[in-house]
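# Chains, contacts and geometry: an overview
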Amino acid sequence: MLSARFGAPLATLALILATSSLQAQVDTGTILGTVRDSTGAIVPGARVTISNEGTSFTQSTTASSSGNYVFTPLRIGAYTVEVEQPGFKKQRKTGQQVNIQQQLVVDFILSPGEVTTTVDVSAQAPVLQTESGSVGQVIGTQSVNDLPLNGRNYTFLARLTTGVNAGQPNGRGLNANGWFEANGTRADQNNYLLDGIDNNSNSVDFLSGAAYVLKPPIDAIAEFKLQTNSFSAEFGRAGGAVLNASLKSGTNEFHGSLWEFLRNDALDAADFFQNATGSQKGAFRQNQFGATIGGPVIKNKTFFFADYEGTRIRQAVPQTATVPTQSEAASGYTNFSDLMALQTGHLTDANGNQYPIGTIFDPATTTTNASGAYIRQPFPGNSIP
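Cut-offs used in this document
- Residues numbered from 1 in each chain as written.
- Predicted model: local features only at pLDDT ≥ 70, side-chain atom pairs only at ≥ 80, totals over all residues.
- Heavy atoms only, no water.
- Helix = DSSP H or I, 4+ residues; strand = E, 2+ residues; numbered from the N terminus.
- Buried < 20%, exposed > 50% of the residue type's maximum accessible area, 1.4 Å probe, protein only.
- Contact = heavy atoms within 4.5 Å.
- Areas by Shrake-Rupley, 256 points an atom, 1.4 Å probe, with all protein chains shown as cover.
- Pairing = 2+ DSSP bridges.
- Salt bridge = Lys/Arg side-chain N within 4 Å of Asp/Glu carboxyl O.
- pLDDT = per-residue confidence, 0-100.
- Phe/Tyr/Trp six-rings, centres within 6.5 Å; stacked < 30°, edge-to-face > 60°.
- Lys NZ or Arg CZ within 6 Å of the ring centre and 35° of its normal.
- Polar contact = N/O pair within 3.5 Å; in protein donor to acceptor, adjacent residues only side chain to side chain.
- Axes fitted to C-alpha atoms, helices over the stretch in contact; angles between N-to-C directions.
- Core = buried A, V, L, I, M, F, W, Y, C linked by side-chain atoms within 4.5 Å.

## Some thoughts on the overall build of the protein
A tally of helices and strands in the protein yields 5 helices and 23 strands. In the protein, buried positions account for 33% of the 385 residues. Within the protein, contacts between residues at least 6 apart in sequence are counted, and of these 58% link residues at least 24 apart. As displayed, the protein offers around 22500 Å² of accessible surface, 54% of which is attributable to carbon and sulfur atoms.

Spelled out as structure tokens, the structure:
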């Protein structure tokens with residue numbers, strides 16, 4: 001019988017071993033294709049090897065009897081694909097970019113020749129993808145970094161996709177946090193994923209508009225895909241769209257970034273009302289700063305990536321308030337004679353008597369006139385005894 005002090009560690013180890021074979025596929029892609037010869041006949045048994053150009057990760061397979069091969073799931077990134085078969089020249093295609101949930105077709109037509117001869121082929125992927133019926137758009141690293149984003153919130157870029165718009169106007173400012181509606185569905189019916197993990201708030205924050213749990217810095221995002229229709233059943237949940245984001249990872253080369261974004265009232269123009277009244281601009285200072293870094297721990301084997309972002313906001317909030325007058329404070333809040341001096345205009349009672357606005361009436365003097373209307377007399381000097 002195991003003692004209690006060994007039970008918890010062994011249970012944890014068992015859980016790790018039990019789950020080590022699971023693979024998240026929602027944020028990955030696929031490379032597939034067919035190997036043929038110059039006459040169009042299939043080439044079965046050809047050896048196909050892929051290599052990640054960033055990490056040098058390699059994987060090999062053999063084409064089936066129908067000449068087809070498949071690599072899945074694959075981490076997003078650029079790959080080199082090589083095919084070799086005795087009696088044919090080795091053929092290699094570089095720069096094959098795999099995006100989130102993409103089925104990238106890389107076909108080969110081998111030419112007769114020696115295996116020691118390598119043919120490099122440069123070709124771009126077709127614009128129209130026919131392997132999947134999913135409707136959506138991939139927003140890549142360059143777009144995420146280069147497009148202007150107020151607040152550096154990548155979810156605003158989802159509105160660039162066809163069929164997507166900002167949420168309906170409301171009085172709570174939810175759209176200021178990146179809310180969007182896809183194909184007319186409600187904004188809170190979207191599904192947020194980060195590196196294949198559920199990133200949805202258990203209870204949508206209708207006060208701040210945050211439907212997601214974690215919002216990484218845009219410099220840490222490799223790309224994201226917004227799928228609006230006909231996406232795979234593995235996603236589930238969403239009645240609207242699926243916002244599937246993937247973070248950057250380390251490669252064999254060190255890479256990173258350092259940033260500081262500043263907003264300051266000294267650089268801002270006064271608004272219309274401030275100009276009209278000649279009032280001073282309120283203080284406003286916003287700093288967003290951070291850094292990312294990634295690289296190898298052990299080249300070709302182990303990599304790391306880290307990011308940090310901080311936000312500091314100092315803002316003056318204009319408020320209108322009143323304070324007690326000297327007479328009110330000195331009298332223990334019984335003398336309100338100053339109230340009448342601060343007001344303009346008069347009020348009229350049921351008998352036609354006029355009193356300055358701010359007059360306090362004595363409820364003990366309540367009477368009724370001939371028409372049954374209530375009449376009260378003011379406290380002398382507007383001071384409560």
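## Let's talk about the pairing of strand E1 (residues 29-37)
The buried fraction of E1 amounts to 7 of the 9 residues, a majority that puts the element mostly inside the structure. Relative to strand E4 (residues 68-74), E1 runs antiparallel, the two sharing 5 bridges. Bridging from a neighbouring strand, Gly29 pairs with Leu74 of E4. Across 3 bridges, the pairing between E1 and strand E7 (residues 103-105) is parallel. Each residue of the ladder has a partner; that of Leu32, found in E7, is Val105. By the bridge criterion, 3 bridges tie E1 to strand E8 (residues 108-110) in an arrangement that is parallel.

## With respect to the pattern of salt bridges
Under the criterion given, the structure shown has 5 salt bridges. Measuring nitrogen to oxygen at the nearest pair gives 3.7 Å for the salt bridge that ties Arg75 to Asp27. Of this pair, Arg75 sits in the loop between E4 and strand E5 (77-84) while Asp27 sits in the loop between helix H1 (4-19) and E1, and the two are 48 residues apart along the sequence. Residue class for Asp27 comes out buried when judged on its relative accessible area of 5%. The network of salt bridges with common partners includes Asp27, Arg75 and Asp195.

## Notes on the environment of Pro378
With respect to the secondary-structure elements, Pro378 resides in strand E23 (residues 374-378). Relative accessible area serves as the criterion here: at 25%, Pro378 is assigned to the partly exposed category. Sequence separation of Pro378 and Ile360 is 18 residues, and the distance between their C-alpha atoms is 5.7 Å. The contact partners of Pro378, leaving out residues within four places of it in the chain, are Tyr355, Thr359, Ile360, Phe361 and Asp362.

## Digging into the confidence of the model for the protein
Of the residues in the protein, 86% have a pLDDT of 70 or more, and the chain-wide mean is 83. Within the model, the stretch residues 1-24 combines pLDDT values under 50 with 2 contacts to residues more than four positions away or in other chains.

## Focus on the packing of aromatic side chains
This structure, assessed with the given rule, holds 8 aromatic pairs. Here Phe180 and Tyr192 contribute two aromatic rings whose centre-to-centre distance is 6.3 Å and whose plane-to-plane angle is 70°, an arrangement assigned as edge-to-face. Taken as a pair, Phe180 in strand E12 (residues 180-182) and Tyr192 in strand E13 (residues 191-194) lie far apart in primary sequence, 12 residues in all. By relative accessible area, Phe180 is classed as buried at 0%. Members of the aromatic cluster, each reached through a chain of ring pairs, are Phe180, Tyr192 and Tyr212. Here the basic side chain of Lys93 rests over the ring of Phe108, its NZ or CZ set 4.9 Å away from the ring centre.

## Things to note about the sheet that holds E13
Overall, mixed pairing links the 5 strands, which are arranged E10-E15-E16-E13-E14 in an open sheet. The two strands at the open ends of the sheet, each matched to only one other strand, are strand E10 (135-139) and strand E14 (197-198). Sheet topology note: the E13/E14 ladder contains 2 bridges and is antiparallel. Bridging from a neighbouring strand, Leu194 pairs with Ile197 of E14.

## Side note on the environment of Thr366
Position of Thr366 relative to the elements: it lies in strand E22 (residues 361-368). Sequence-distant contacts of Thr366, that is, excluding residues within four places in its chain, are made with Tyr374, Ile375 and Arg376. Only 2.6 Å separates the side chain of Thr366 from the backbone oxygen of Pro363, close enough to count as a polar contact. A polar contact of 2.9 Å, which involves the side chain of Thr366, links it to the side chain of Arg376.

## With respect to the sheet that holds E5
Strand order across the open sheet formed by 5 strands is E3-E2-E5-E6-E9, with mixed pairing between neighbours. Edge positions in the sheet fall to strand E3 (58-62) and strand E9 (118-121), since each of these pairs with one other strand and no more. With direction set aside, neighbouring strand axes in the sheet form an average angle of 20°. As paired elements, strand E6 (residues 90-98) and E9 share 4 bridges and run parallel to each other.

## Regarding the nonpolar core
With 25 residues, the main nonpolar core has Tyr154, Phe180, Phe224, Leu226 and Leu243 as its most contacted residues. When residues of this core are traced back to their parent elements, those giving at least two are E12, E13, strand E15 (221-229) and strand E16 (242-247). Excluding residues that lie within four positions of it along the chain, Leu226 makes contacts with Val135, Gly136, Gln137, Ala158, Thr161, Val164, Phe180, Ala241, Val242 and Leu243. By size, the runner-up hydrophobic cluster in this structure holds 19 residues, among which are Ala46, Phe71, Val83 and Val98.

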